[in-house]
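Spelled out, the chains give:
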Amino acid sequence: QLNMREVTVGLSNSSYGDNATFLSNVTQSSVNDIHIDDIGAVIPVDPHRNGFSIAIGYNRISSFSAATSFSGFNPNSSLIGFEVGDARMNKVDPTTTMSYITGVAGIVNGVLTTPVNGRVQQSGGYDEGGGMHAFSLGAGAEIAEGLDVGMSLHLYTGSYDYQRQFVEADVNNVYNGRDTVAWTNVDLTQYSQHDNISASISGIGATFGLLYHWSDIASMGITAATPSSFHVHEDYSTSSQALFDNND
């Protein structure tokens, strides 16, 4: 239906806000993302004979940007105590746990144990990023009077990034000794844990369409899309760090 070339460009601004309440303390987070949303071009090859045209385009079809954070003093529990209890319940080899490796927990009579079970300042949050993009190539033409057909091939590419961090600190110096026998105390300053996920995404799909014109009165169209196939390659890691009063 085009008699001349057309080009389109679009911009998008995404804004994300979050309020998290943790132990009666409210923390605000926000993310703003300005990006090119779409670029497209349509070129009529033979507009006067059969209307044959080709098109190329780019669309940003989704954004994964998000964030949240929290902070508060926890008198009753800790991440260290939770991980030690979880390892006991699931009968995990205690020497493979982050708490043991970083020296905030020890083994007493074959059982993983730690004195850190609360009275710590906790903070953390997560950040997400990345998005999905589609690159498309299409063509259309009139195959009979009043009947147009077309198709588009879509190549998808994208990425996803996720980072979560959790920090708990002995701000009141509750844990100020170093008992490596019975593990009744540990000279803890701060314990942190970081989780990272990085994924690359690729895929392919196609769309087909029919358009019928009733003179100059009305038109009716129908489209059908094939199932899109995606491949995701993901890398993930977890790391922990413990700081002690003696600067270890």
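Remember, predicted model here, so these are calculated numbers, not experimental data.

## Quick notes on the overall build of the protein chain
In terms of helices and strands, the protein chain carries two helices and eleven strands. Written out in order from the N terminus, the α and β elements of the protein chain read β-β-β-β-α-α-β-β-β-β-β-β-β. Relative to a compact globule of 248 residues, whose C-alpha radius of gyration would be 18 Å, the protein chain shows 29 Å and is clearly more extended. Oriented by its inertia axes, the alpha-carbon framework of the protein chain measures out at about 90 × 35 × 30 Å. Taken over 248 residues, the protein chain has a buried fraction of 35%. When contacts within the protein chain are restricted to residue pairs at least 6 apart in sequence, those whose partners lie at least 24 apart make up 73%. Carbon together with sulfur atoms contributes 54% to the accessible area of the protein chain, which is approximately 14800 Å² in total.

## Concerning a nonpolar patch on the surface
The grouping of V7, V9, L11, I36 and I39 at the surface amounts to a nonpolar patch, some 510 Å² of accessible area in total. Among the elements that line the nonpolar patch, the one with the most residues is strand 1 (residues 6-22), at three residues. Along the polypeptide, V7 turns up in strand 1.

## Considering the pairing of strand 3 (residues 52-63)
Pairing geometry for strand 2 (residues 25-46) and strand 3, over eight bridges, is antiparallel. If you follow D38 over to strand 3, its bridge partner there is N59. The hairpin formed by strand 2 and strand 3 contains five residues between the paired strands, and G51 there has a positive phi angle of roughly 70°. Sheet analysis places strand 3 next to strand 7 (residues 120-144), joined by ten bridges and oriented antiparallel.

## Details of the layout of surface pockets
Of the pockets and cavities examined, the largest pocket occupies roughly 760 Å³. Forming the walls of the largest pocket are 33 residues, and the residues nearest its centre are Q1, S53, A139, G140 and A141. Mapped onto the lining of the largest pocket, the elements with two or more residues apiece are strand 3, strand 7, strand 8 (147-169) and strand 9 (188-214). Broken down by element, the lining of the largest pocket gets its largest block of residues, seven residues, from strand 7. For the lining of the largest pocket, the class distribution of residues is 14 nonpolar, 16 polar and three charged. The calculated volume of the second largest pocket comes to roughly 180 Å³. Around the second largest pocket sit E83, D86, A87, V92, T96, T97, M98 and Q193, which together line it.

## Re the confidence of the model for the protein chain
With 100% of its residues at a pLDDT of 70 or more, the protein chain shows a mean pLDDT of 93. Per-element confidence in the protein chain ranges from a low mean pLDDT of 89 for strand 2 to a high of 97 for strand 8.

## So, the environment of Y58
Positionally, Y58 belongs in strand 3. Placed 44 residues apart in sequence, Y58 and S14 show a C-alpha to C-alpha distance of 18 Å. Apart from residues lying up to four places away in sequence, Y58 is in contact with I36, D37, D38, I39, H133, A134 and F135. At 2.7 Å, the side chain of Y58 forms a polar contact with the side chain of H133.

Rules of the game
- The written sequence of each chain sets the order in which its residues are numbered from 1.
- The model is predicted, so local features are restricted to residues of pLDDT at least 70 and side-chain atom pairs to those at 80 or more, both for listing and for counting; the totals for chains, interfaces and linings are taken over all residues.
- The basis for every side-chain value is the complete set of heavy atoms in the structure, and neither hydrogens nor water enter the calculation.
- Secondary structure elements are taken from DSSP: a helix is a run of H or I of four residues or more, a strand is a run of E of two residues or more, and numbering for both begins at the N terminus.
- Restricting the calculation to C-alpha atoms gives the radius of gyration, and the globule rule supplies 2.2 Å times the number of residues raised to the power 0.38.
- Partly exposed residues are those whose accessible area sits between 20% and 50% of the maximum for their type, while under 20% is buried and over 50% is exposed, using a 1.4 Å probe and protein chains only.
- In what follows, a contact means two residues having at least one pair of non-hydrogen atoms within 4.5 Å.
- Areas reported as accessible are Shrake-Rupley estimates using a 1.4 Å probe. Residue values count occlusion only from the protein chains shown.
- Like charges are joined within 9 Å and nonpolar side chains (Val, Leu, Ile, Met, Phe, Trp, Tyr) within 5 Å, but only among residues with over 30% relative accessible area and no salt bridge; these make up the patches.
- What makes a salt bridge here is a side-chain nitrogen of Lys or Arg within 4 Å of a carboxyl oxygen of Asp or Glu, nothing more.
- For two strands to be treated as a pair, DSSP must find at least two bridges joining them.
- Cavities and pockets are defined on a 1 Å grid built over the protein atoms alone: a cavity is a set of grid points where a 1.4 Å probe fits but cannot escape, while a pocket is an open set with protein on both sides within 12 Å along at least five of seven lines, and lining residues are those with an atom within 4 Å of any such point.
- Grid points are joined across faces, edges and corners, and a volume is the space filled by probe spheres set on the points.
- Throughout this entry, Asp, Glu, Lys and Arg are counted as charged residues, while Ala, Val, Leu, Ile, Met, Phe, Trp, Tyr, Cys and Pro are counted as nonpolar. The remaining residues, Gly among them, count as polar.
- pLDDT is defined as a per-residue confidence score from the predictor, taking values between 0 and 100.
- A 3.5 Å cut-off defines polar contacts: any pair of N or O atoms within that distance qualifies, except that in protein one atom must be a possible hydrogen donor and the other a possible acceptor, and neighbouring residues in sequence count only when both atoms are side-chain atoms.

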